[in-house]
Amino acid sequence: MTDSPFDTWPTAQDLLGPDLAAHESTTDTPWVRMIAAMTATGSATVDGTSGSLGNDVDSELLLAVRAWSDAVVVTAATVTQEGYGPVEPTDTRPNPPALAIVTRSLDISPDCPAISDATTPTLVVCPGADVSEPKLRDKAQALGDAGAVVLTAEPGPAGIVNALQSRGMRKLSLEGGPSLYSQFVAAGLVDEFYLTMDPTVTAAVPTPLVKDPDANSDARSGGASASAVPNEAFDLTGVHPCPDSVVFLHYVRRR
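Residues numbered from 1 in each chain as written. Predicted model: local features only at pLDDT ≥ 70, side-chain atom pairs only at ≥ 80, totals over all residues. Heavy atoms only, no water.

**Observations concerning the overall build of the protein**
Alright, step 1. The helix and strand inventory of the protein stands at 8 helices and 9 strands.
Alright, step 2. Out of the 255 residues belonging to the protein, those deemed buried represent 47%.
Alright, step 3. For the protein, the share of sequence-separated contacts (at least 6 apart) that also reach a separation of at least 24 residues comes to 74%.
Alright, step 4. Of the roughly 12,100 Å² of accessible surface on the protein, 53% is carried by carbon and sulfur atoms. (Helix = DSSP H or I, 4+ residues; strand = E, 2+ residues; numbered from the N terminus. Buried < 20%, exposed > 50% of the residue type's maximum accessible area, 1.4 Å probe, protein only. Contact = heavy atoms within 4.5 Å. Areas by Shrake-Rupley, 256 points an atom, 1.4 Å probe, with all protein chains shown as cover.)

**Overview of the pattern of salt bridges**
Alright, step 1. One pass over the full model with this rule turns up 5 salt bridges.
Alright, step 2. We note a salt bridge from Arg-253 to Asp-191, for which the minimum N-O separation is 3.1 Å. On the criterion of sequence distance, the pair formed by Arg-253 in strand S9 (residues 247–253) and Asp-191 in the loop between helix H8 (178–186) and strand S7 (192–198) is long-range, its members being 62 residues apart.
Alright, step 3. For Arg-253, a relative accessible area of 14% translates into the label buried. (Salt bridge = Lys/Arg side-chain N within 4 Å of Asp/Glu carboxyl O.)

**As for helix H6 (residues 134–145)**
Alright, step 1. With 12 residues, H6 extends 17 Å from end C-alpha to end C-alpha; this agrees with the ideal 16 Å at 1.5 Å per step.
Alright, step 2. Among all positions of H6, only Leu-136, Ala-140 and Leu-143 are buried. The buried residues of H6 occupy one face: seen down the axis, they fall within an arc of 60 degrees. The exposed set on the far side of H6, more than 90 degrees from its buried face, consists of Pro-134, Asp-138 and Asp-145.
Alright, step 3. Of the surrounding elements, those touching the buried residues of H6 are helix H5 (113–116), strand S4 (123–127) and strand S5 (149–153).
Alright, step 4. Gly-147 sits one or two residues past H6 and shows a positive phi near 110 degrees. (Expected span 1.5 Å × (residues − 1). Arc of directions from axis to C-beta.)

**Observations regarding the environment of Pro-89**
Alright, step 1. Within the secondary structure layout, Pro-89 lies in the loop between helix H4 (76–82) and strand S3 (98–102).
Alright, step 2. Of the residues examined, Pro-89 reaches a relative accessible area of 36% and is grouped as partly exposed.
Alright, step 3. Separated by 30 residues in the primary sequence, Pro-89 and Thr-119 place their C-alpha atoms 7.3 Å from one another.
Alright, step 4. In contact with Pro-89, other than residues within four places in its own chain, are Pro-94, Pro-96 and Thr-119.

**Here we look at the sheet that holds strand S6 (residues 171–174)**
Alright, step 1. Spatial strand order, S5-S4-S3-S2-S6-S1-S7-S9-S8: 9 strands in an open sheet with mixed pairing. Both edges of this open sheet fall to S5 and strand S8 (234–241), since each of them pairs with a single strand only. Averaged over all pairs of adjacent strands, the angle between their axes in this sheet comes to 20 degrees, without regard to strand direction.
Alright, step 2. Most of the contacts of H8 go to strand S1 (residues 31–39), to which it runs at about 135 degrees, and overall it touches S1, strand S2 (71–75), S3 and S6. (Pairing = 2+ DSSP bridges. Axes fitted to C-alpha atoms, helices over the stretch in contact; angles between N-to-C directions.)

**Brief notes about unusual backbone geometry**
Alright, step 1. Here the residue pair Gly-176 and Gly-177 is connected by a cis peptide bond, since its omega of 10 degrees sits within 30 degrees of zero.
Alright, step 2. Look at Leu-106: it is not a glycine, yet its phi comes out positive at around 60 degrees.
Alright, step 3. Relative to the elements of secondary structure, Leu-106 occurs in the loop between S3 and H5.
Alright, step 4. Leu-106 sits in the buried class, given a relative accessible area of 2%.
Alright, step 5. Unlike most non-glycine residues, Ser-245 shows phi in positive territory, near 75 degrees.
Alright, step 6. Residue position: Ser-245 is located in the loop between S8 and S9.

**As for H8**
Alright, step 1. The buried fraction of H8 amounts to 8 of the 9 residues, a majority that puts the element mostly inside the structure.
Alright, step 2. Within H8, the full set of buried residues consists of Pro-178, Ser-179, Leu-180, Tyr-181, Ser-182, Gln-183, Phe-184 and Ala-186.
Alright, step 3. Where H8 is buried, its residues meet S1, S2, S3, helix H7 (157–165) and S6.
Alright, step 4. Gly-188 sits one or two positions beyond H8 and adopts a positive phi of about 70 degrees.

See below:
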């Protein structure tokens with residue numbers, strides 16, 4: 001009698017999968033890996049955060065994707081709500097990828113650990129914003145004084161990607177939140193998608209994993225709404241169930 005696949009714990013390398021040869025040989029082409037977790041009923045959060053979703057293997061996968069990355073892209077709201085720190089150095093990566101915090105309003109505290117404790121200076125990316133405006137100038141100065149690098153970008157997800165690519169960052173991991181996910185999906189800029197399915201079943205879906213951001217969202221960067229763009233097809237390239245009923249799915253955008 002053979003062992004059930006549910007009896008075996010996958011490794012982070014199992015979940016990560018191989019780098020795509022076409023991407024690795026095209027040095028000027030950005031590549032975006034989106035990584036997310038959600039409940040079995042489709043919510044990206046439980047009790048307001050994603051911290052309880054997944055398991056230790058999920059944490060290892062996150063670190064593996066970060067180790068591959070040149071920059072980790074996340075919204076200011078997610079940094080605040082999830083209590084983000086900086087990307088930590090490791091033995092194999094003493095100079096870790098930069099954390100790239102997306103915000104048009106610059107409403108992120110210069111004293112937050114994601115900025116003040118960073119080994120690699122944190123980037124604050126402002127798509128479609130003029131940081132020389134009086135209401136933003138002082139905030140930008142305070143962030144710079146704390147060690148962050150404030151970058152302006154053209155509106156939309158492509159503007160974010162281009163601003164990072166101009167600094168030599170082409171391998172990007174996208175950690176959320178849902179408004180930023182939706183913009184990158186709508187713009188057709190997600191190349192790979194790692195989805196952790198947590199067995200939690202919620203009575204409601206307070207935070208859909210991907211949603212059409214409203215016009216007042218700080219994460220909204222002037223791109224097209226998700227509802228205005230045709231859906232894209234992805235190919236399933238990996239399925240890894242765990243003994244604790246967490247399931248890892250890996251998708252690659254169909255070319």
